[in-house]
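Residue strings, one per chain:
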Amino acid sequence: MSDASLNASQSKAGSAEPQEAGFSDFFALLKPRVMSLVVFTALVGLLAAPVGVHPVVGFTAILFIAIGGGASGALNMWWDADIDRIMKRTKGRPIPAGRITEGEAFGFGIALSGIAVIMLGLATNFVAAGLLAFTIFFYVVIYSMWLKRWTPQNIVIGGAAGAFPPMIGWAAATGSVGIEAVLMFALIFMWTPPHFWALALFMKSDYDEAGVPMLTSTHGRRVTRNHILAYTVLLVPVSFALVFTSIGGPAYLVAAIALNALFLRGAWRIWRRDETMAEADGYGVEKTVFRHSLYYLFGLFVAILIDATLRGFGVWSV
């Protein structure tokens, strides 16, 4: 990152006089909620891999994957400080609230990025480290700096950044990337658009005011509802493809059937509604589907973990 980029970012929005930052402020820069998903999916990727990993090596791998994910969050907050000051749900973040300066967030994110990539490579292998480095680059440069403010397809392409963690976990264990890792990536990649578009339906004014070209702002809520249904339908075969790999099993099959039925039902309900109906109940259906989409992804990865655990105890084999 050049000094010019840093100076441009710092000049695009004046910040309040910073207060003294505490540990909680720097921790908030890491986007802990997002980090928790990164940690969990990476852990599943590592544990579902067909080779055993020493507990210390496994713990170290997950730790530095988490730090790398947090570094991405810090750099994202540094770059997005101007729009974070505008959007209601982000005004309380450390930079717009004046507790941390943009320069501090940038330095913090860069330092953590370097530590995470180098230490993951030393602890496991440089395939995993390379994937982590690329993930940070993709999220910060490709998504945050380019796609997010340029195209309504930002969340479609940018969703790849959040889909890499299970692939990194798998690579940390095996030193390679198998079809199972690719399909776990594809599962999160296809899940991301309907998940975030459901959020955008009831947070549209935030994106409008910040000038972020979310699909709801550029094409309207009707088109967004169509896209949610279409992507949810496309997600179903991707999720079921994992059943036919070495990490698929009875637990995953049951979870895939139940959770896909629930997600499809929610997407269908969103598609059938118009704005009058949505406004009448305060976007209740959209909020429910957004919440259930989190359960969907969590449930499928829990099922992968259950199958891997039972397979490890010899309950069934591939």
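Being a predicted model, the structure only gives us computed values, none of them experimental. (Residues numbered from 1 in each chain as written. Predicted model: local features only at pLDDT ≥ 70, side-chain atom pairs only at ≥ 80, totals over all residues. Heavy atoms only, no water.)

Visitor: Would you mind showing me how to read helix α10 (residues 165–174) here?
Guide: Think of an α-helix as 3.6 residues a turn; residues three or four steps apart then line up on the same face. α10 sits mainly inside the fold: 9 of its 10 residues count as buried. Taken together, the buried positions of α10 are occupied by Pro165, Pro166, Met167, Ile168, Gly169, Trp170, Ala171, Ala172 and Ala173. With its phi angle positive at about 80°, Gly175 sits one or two positions after the end of α10. (Buried < 20%, exposed > 50% of the residue type's maximum accessible area, 1.4 Å probe, protein only. Helix = DSSP H or I, 4+ residues; strand = E, 2+ residues; numbered from the N terminus.)

Visitor: Can you help me understand the nonpolar core in this one?
Guide: In this structure, Leu187, Tyr252, Phe301 and Ile304 are the most contacted members of the largest nonpolar core, which totals 94 residues. It is helix α11 (residues 179–202) that contributes the most residues to this core, 13 residues altogether. (Core = buried A, V, L, I, M, F, W, Y, C linked by side-chain atoms within 4.5 Å.)

Visitor: Mind showing me how you'd approach the side chain of Arg221 here?
Guide: With respect to the helices, strands and loops of the structure, Arg221 is situated in helix α14 (residues 220–241). From its side chain, Arg221 meets the backbone oxygen of Leu201 in a polar contact 2.9 Å long. Engagement of the side chain of Arg221 in a polar contact is seen with the side chain of Glu275, the distance being 3.5 Å. Residues contacting Arg221, with those up to four places away along its chain left out, are Leu201, Lys204, Thr216, Glu275 and Tyr283. (Polar contact = N/O pair within 3.5 Å; in protein donor to acceptor, adjacent residues only side chain to side chain. Contact = heavy atoms within 4.5 Å.)

Visitor: What is the right way to read the side chain of Glu180 from this model?
Guide: Among the secondary structure elements, Glu180 is positioned in helix α11. Apart from the residues lying within four places of it in its own chain, the contact partners of Glu180 are Trp170, Leu242, Thr245, Ser246 and Ile247.

Visitor: Where do I start with the pattern of salt bridges in this structure?
Guide: Note that side chains of opposite charge can pair when their charged atoms are close. Enumeration over the complete set of coordinates arrives at 11 salt bridges. Among the ionic pairs, Arg273 bridges to Glu286, the shortest N-O distance being 3.1 Å. Of the two residues, Arg273 sits in the loop between α15 (250–272) and α16 (275–280) while Glu286 sits in helix α17 (residues 284–312), which places them 13 residues apart along the sequence. Classification of Arg273 as buried rests on a relative accessible area of 7%. Within this structure, Arg221, Arg225, Arg273, Glu275, Asp281 and Glu286 form a network of salt bridges that share partners. (Salt bridge = Lys/Arg side-chain N within 4 Å of Asp/Glu carboxyl O.)

Visitor: Any chance you could explain the packing of aromatic side chains here in plain terms?
Guide: Two numbers describe a pair of aromatic rings. These are the distance of the centres and the angle of the planes. Taken as a whole, this structure holds 15 aromatic pairs when the rule is applied. For the pair Phe134 and Phe164, a centre-to-centre distance of 5.7 Å together with 90° between the ring planes defines the contact as edge-to-face. Taken as a pair, Phe134 in helix α7 (residues 126–147) and Phe164 in the loop between α9 (160–163) and α10 lie far apart in primary sequence, 30 residues in all. Here Phe164 and Phe185 contribute two aromatic rings whose centre-to-centre distance is 5.0 Å and whose plane-to-plane angle is 55°, an arrangement assigned as tilted. Of this pair, Phe164 sits in the loop between α9 and α10 while Phe185 sits in helix α11, and the two are 21 residues apart along the sequence. (Phe/Tyr/Trp six-rings, centres within 6.5 Å; stacked < 30°, edge-to-face > 60°.)

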